[in-house]
Structure formats: structure tokens, C-alpha cells
Amino acid sequence: MKLTFTFMIIFLFLGSTVLSQEDFSAKPDQQDPDEIKTLFQKGKPHKKPAIGYFIGPEFAYTQFSGNKNVLLLGLNMGVTVDHWLSVGLAGYGIINSGNLEYDEMVYDDINKTWQSANLYGGYGGLLVEFTVIPRSVVHVSFPVLIGGGGLTYMYRPEYVNQYDWSGLQSVDWDAFFVVQPGVKVEFNIVKFFRIGVGVSYRYTPDLDLQQDKTTNLIINQFNANLSLKFGKF
């Protein structure tokens, strides 16, 4: 997962650069403690307590066992309380299952050969996120997802048309509990839009697919995350 850590280091450097350029020369009595600073437009004061909301996509790169490169597409939504605490829902799904092919997963009795199968699935649940110095242009947040998901191996018999999705058959499947803590550097672009980059770790203690090539550690891996947030913060 060298790519994941390289990705994080680059954006941590960018974040520290932007933060170092922020103007703190104004006198304390001239600074509004409730002003949310942004890169491209002046923020506006928020009345306390501030109840906001957010929604947006999240993209993630990770690897499953067998050095399989995996792309995840997610959606996050929820409410923000007093700028620093967010509570909502998050869900992620595999979007490149066509490349997650595992050899010799099922025996074809008709052709008397072993066939490969592809991995499909996703997960989601409750999202809780704590943000440090949320009014700064660049700040750090700590999201935690707690929920569940499911994975399934599916294959298409050789006699089924490759474009017939109804012809896919499940080899094995399992549901699992998941916890995914992370850390993220977030940039206030304008008052209603934020971009975040970070890393997270996905832990699934009870995944139990019966195929010999699948272990409980198949998806216990780090993610490199890119999130877009739209809303009132």
C-alpha cells in the first residue's frame, strides 16, 4: 500500500503549505471567532448553535488479498452540529468487480473445467466525524464508520451470453460487521463546498466466505480516500 501513504503525504504537505499562508496578522478583536474561512470567498459568521448538513460522493482506492486493486464509490450524508461534530450515513460499493477475478473458484460440470469468479459487494453504516479547527481553511477530521456489508463471488457459465446479467450465478456470499476509522485533511473551497483527502482502515472481524482463497483478512486493508462535500457547514 505504498501508493496510499504517498498519496496521503502529498496532500498533508499541500495542506500545511496553505495553512502556513493564512493571514493571522489581524488583531484578536478584529477577528470574528465564528467566521469560516475559505480559499476563494470570505466566509460568513454562523450563529450558535449551528446545525448544518452535508452530502457528497467519496472515492477510495484499496487492495484486497491477492494484490487486487479495488476502486470504491461511496456516498456520505448527514448533519453537522456546532461545526465540529458530524453524524450521518455512509455507504461504499465496489465499482471494478470486472477486474476482481479469482481463478478456479467453481467447477463447471458441463464443460468439466474450473471457472473463475468475480468479487462483488459493498458496505455502509453510521458515520461519526470529529473535526479539529473546522473554521480554518485547512483542518483535520477523524471519521469513523460502524456498520455492515456483504460480499459475494459470482460467475457466468460459459454457455451464458456475456451481456446477460441475469445469467450470473453466486458461488458463495457472506455478510459482515465493519468498523472503518480514518483521518482526513479537509479544504474549505467555498462556503458550501469542501474537498477532503485522507486514509482509513477497514476492519471486518467476522467475514467468512467458504472458498479456500478467501480469508478473514481479504478486505482488512487501508484506503486512500478523496471526498467531496456539499452543504451548509
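The structure this text deals with has already been given above.
Criteria and thresholds
- Residues numbered from 1 in each chain as written.
- Predicted model: local features only at pLDDT ≥ 70, side-chain atom pairs only at ≥ 80, totals over all residues.
- Heavy atoms only, no water.
- Helix = DSSP H or I, 4+ residues; strand = E, 2+ residues; numbered from the N terminus.
- Contact = heavy atoms within 4.5 Å.
- Areas by Shrake-Rupley, 256 points an atom, 1.4 Å probe, with all protein chains shown as cover.
- Phe/Tyr/Trp six-rings, centres within 6.5 Å; stacked < 30°, edge-to-face > 60°.
- Lys NZ or Arg CZ within 6 Å of the ring centre and 35° of its normal.
- Salt bridge = Lys/Arg side-chain N within 4 Å of Asp/Glu carboxyl O.
- Buried < 20%, exposed > 50% of the residue type's maximum accessible area, 1.4 Å probe, protein only.
- Patch = residues over 30% accessible without salt bridge, like charges linked within 9 Å, V, L, I, M, F, W, Y side chains within 5 Å.
- 1 Å grid on protein atoms, 1.4 Å probe; cavity = no way out; pocket = protein on both sides within 12 Å on 5 of 7 lines; lining within 4 Å.
- Points joined across faces, edges and corners; volume = space filled by probe spheres on them.
- Nonpolar A, V, L, I, M, F, W, Y, C, P; charged D, E, K, R; others polar.

Some words on the overall build of the chain
Turning to step 1, where the next piece is worked out: Check the secondary structure of the chain and you find 1 helix and 9 strands.
Turning to step 2, where the next piece is worked out: Ordered by position in the sequence, the α and β elements of the chain form the string α-β-β-β-β-β-β-β-β-β.
Turning to step 3, where the next piece is worked out: Of the contacts made within the chain by residues no fewer than 6 positions apart, 63% connect residues no fewer than 24 positions apart.
Turning to step 4, where the next piece is worked out: When the accessible surface of the chain is summed, it comes to about 12600 Å², and 63% of that surface belongs to carbon and sulfur atoms.

Describing the packing of aromatic side chains
Turning to step 1, where the next piece is worked out: For the structure on display, the rule yields 5 aromatic pairs.
Turning to step 2, where the next piece is worked out: Where Y92 meets Y123, the ring centres are 5.3 Å apart and the plane angle is 35°; that geometry is what we call tilted. With Y92 in strand 3 (residues 85–94) and Y123 in strand 5 (residues 113–132), this residue pair connects regions lying 31 residues apart in the sequence.
Turning to step 3, where the next piece is worked out: Above the ring of F233, the side-chain terminus of R194 is found at 4.2 Å from the ring centroid.

A short note on the pattern of salt bridges
Turning to step 1, where the next piece is worked out: The full count for this structure, using the stated rule, is 5 salt bridges.
Turning to step 2, where the next piece is worked out: For the salt bridge of K184 with E129, the shortest nitrogen-to-oxygen distance reads 3.3 Å. Residue K184 is located in strand 7 (residues 169–190), and its partner E129 is located in strand 5; the two are separated by 55 residues in the primary sequence.
Turning to step 3, where the next piece is worked out: A salt bridge links K184 to E186, with the shortest nitrogen-to-oxygen separation between them at 4.0 Å.
Turning to step 4, where the next piece is worked out: When its relative accessible area of 0% is taken as the criterion, E186 is described as buried.
Turning to step 5, where the next piece is worked out: Put simply, E129, K184, E186, R194 and K229 are held in one network by salt bridges that share partners.

Some words on the environment of G147
Turning to step 1, where the next piece is worked out: Residue placement: G147 occurs in strand 6 (residues 138–155).
Turning to step 2, where the next piece is worked out: Distance from G147 to F177, taken between C-alpha atoms, is 6.0 Å for residues 30 residues apart in sequence.

Side note on a nonpolar patch on the surface
Turning to step 1, where the next piece is worked out: A contiguous nonpolar surface patch, about 510 Å² in accessible area, is contributed by I51, Y53, V79, V81, V87 and L126.
Turning to step 2, where the next piece is worked out: Within the residue set of the nonpolar patch, elements represented by two or more residues are strand 1 (51–64) and strand 2 (68–81).
Turning to step 3, where the next piece is worked out: Looking at where Y53 falls in the secondary structure, it is placed in strand 1.

Observations concerning empty space enclosed by the protein
To find leftover empty space, a probe the size of one water molecule is rolled over the atoms.
Turning to step 1, where the next piece is worked out: Inspection of every chain in the model, using the stated rule, returns 3 cavities of 30 Å³ or more.
Turning to step 2, where the next piece is worked out: Counted as a void, the largest cavity has a volume near 150 Å³.
Turning to step 3, where the next piece is worked out: Considering the residues around the largest cavity, the lining is formed by 17 residues, among which E58, Y92, P143, Q180 and S200 are closest to the centre.
Turning to step 4, where the next piece is worked out: Listed by contribution, the elements that provide at least two residues to the lining of the largest cavity are strand 5, strand 6, strand 7 and strand 8 (193–201).
Turning to step 5, where the next piece is worked out: With 5 residues, strand 7 is the single largest residue contributor to the lining of the largest cavity.
Turning to step 6, where the next piece is worked out: Looking at side-chain class alone, the lining of the largest cavity contains 8 nonpolar, 6 polar and 3 charged residues.
Turning to step 7, where the next piece is worked out: Approximately 50 Å³ is the volume attributed to the second largest cavity.
Turning to step 8, where the next piece is worked out: Along its surface, the second largest cavity is lined by F64, L72, I94, G121, G122, Y123, L151, F176, R202 and I219.

The analysis is restricted to geometry; functional conclusions fall outside its scope.
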